[in-house]
Every structure is written in structure tokens, then in C-alpha cells.
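Structural characterization, general
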Amino acid sequence: RLTLAEAVSEFLEYCVNKGNEQRTIDRSVCCLKNLIKVLTPKFPVDRLTTDDVERFKKYYKDVKSNNGRNIDLARVRAFVNWLHRHKEMFDGKPPLVEMVKADKKPVSYLSEPEFAEIMQMDTVSDFYKQVFTFYRATGCRAQEPFLGDIEEHGESLWLVVYPDESKTGFTREVQLTPQQAS
């Protein structure tokens, strides 16, 4: 009889072989460790029910935010689907993994007056003012300038972040001014 710890190990190996990004696998490890903590490593996965998933959700109710619990539940759902499809468990009816209701926070941006106020502050160094201006002008994510390559295409300079370094898994190209490239 396959235990939860054994099944999680096999699932993670499946994710590696499938070519999932390392950070995706790392997140799955954390989320599924949380499931093991609640159900125990020796829990027989063929007996996993919707009630067990609900017990997992309840355990973390006052520990994690609803968004945090949904991150875990998304990985648990993928794990349950894998058990159902690849291990042929649950006699055609896998346990239901429902997300919890989570408030969607609006994206937060600095307004023009707020940005101008920051640029006028004496407590912010010129270096950081340049950094803030760069990120604002290019829309780059925090790590992209360090992970990408600066390439010349004709007369233009471009920051190119390749799929293996990009959060989205797609090539991202940002045209730079000479000042931004320096």
C-alpha cells in the first residue's frame, strides 16, 4: 500500500521528469510537506477523501492567509489529479479539492505625485532614484536586469531575458536608452 510520503516522492520525480521549473518543484515540496504534516507520512493515499482535504484546509485556517492556503491547495489538487490519472486511484472519483474564498487585492501602483515626492526626498540617494526610475520606465521585474543580457539590435540596445530566467517562461525584451544600459 502506497503511503503519502512515498506518493509525494514519486509525484515530485514525475514533476522533474515532466520538465517543471525548479521553483515550481520547490513550491510543490513545501505545499506537500504541509499535507504530510496534517495527514502523516504513513497515511495510505488510496484512502484519501474530500474530508481529509477539508481537514487540511481547516488545520491551516488560522495559520495561513486564504491566498496562502490556495497556493497549497493548488499543489494538492495537482497531486490528487496525478494519483487519479497516473496511479489509477479513487475508482473514478478523486477527492474534491476546492479553493477557499480569497479577496483579490488590487494591484498597487505609485501615482505620479507620489513618485515625484520620492524623487524629491533628500533621504533617498541618487543611486536609488536612478534605480526607481529605471524600473518604472522599463517595467522590469526585480531580478530581470541581473538575469538578462544586453544585446545590440541595429542602433538599439535591448535587455533580453530568456525563458529559463523569466518568471513567465517567455523571452522578454525591453528596449533601453543608452543611459539605462550603462
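For the structure itself, look to the data block above.
In this report, we go over the structure that sits alongside the text. (Residues numbered from 1 in each chain as written. Predicted model: local features only at pLDDT ≥ 70, side-chain atom pairs only at ≥ 80, totals over all residues. Heavy atoms only, no water.)

Taken together, the three strands give an open sheet; going across it, the order is S1-S2-S3, and neighbouring strands pair in antiparallel fashion. The open sheet has two free edges, formed respectively by strand S1 (149-153) and strand S3 (172-176), since each of these has just one partner strand. Each strand of the sheet is rotated relative to its neighbour by a mean of 35°, with strand direction disregarded. Here S1 pairs with strand S2 (residues 156-161) via five bridges, running antiparallel. Within the sheet, the bridge partner assigned to His153 lies in S2 and is Ser156. (Pairing = 2+ DSSP bridges. Helix = DSSP H or I, 4+ residues; strand = E, 2+ residues; numbered from the N terminus. Axes fitted to C-alpha atoms, helices over the stretch in contact; angles between N-to-C directions.)

Residue position: Lys57 is located in helix H3 (residues 50-59). Using a relative accessible area of 9% as the deciding quantity, one classes Lys57 as buried. Residues contacting Lys57, with those up to four places away along its chain left out, are Arg69, Leu73, Glu98 and Val100. (Buried < 20%, exposed > 50% of the residue type's maximum accessible area, 1.4 Å probe, protein only. Contact = heavy atoms within 4.5 Å.)

Oppositely charged side chains are able to pair whenever their charged atoms sit close together. Throughout the structure, instances matching the rule amount to eight salt bridges. Measuring nitrogen to oxygen at the nearest pair gives 3.2 Å for the salt bridge that ties Asp52 to Arg55. With Asp52 and Arg55 both in helix H3 and three residues apart, the pair spans about one turn of that helix. Here Lys64 makes a salt bridge to Asp72, at a shortest N to O gap of 3.0 Å. Given a relative accessible area of 2%, Asp72 falls into the buried group. Linked by salt bridges that have partners in common, Arg141, Glu144 and Arg172 make up one network. (Salt bridge = Lys/Arg side-chain N within 4 Å of Asp/Glu carboxyl O.)

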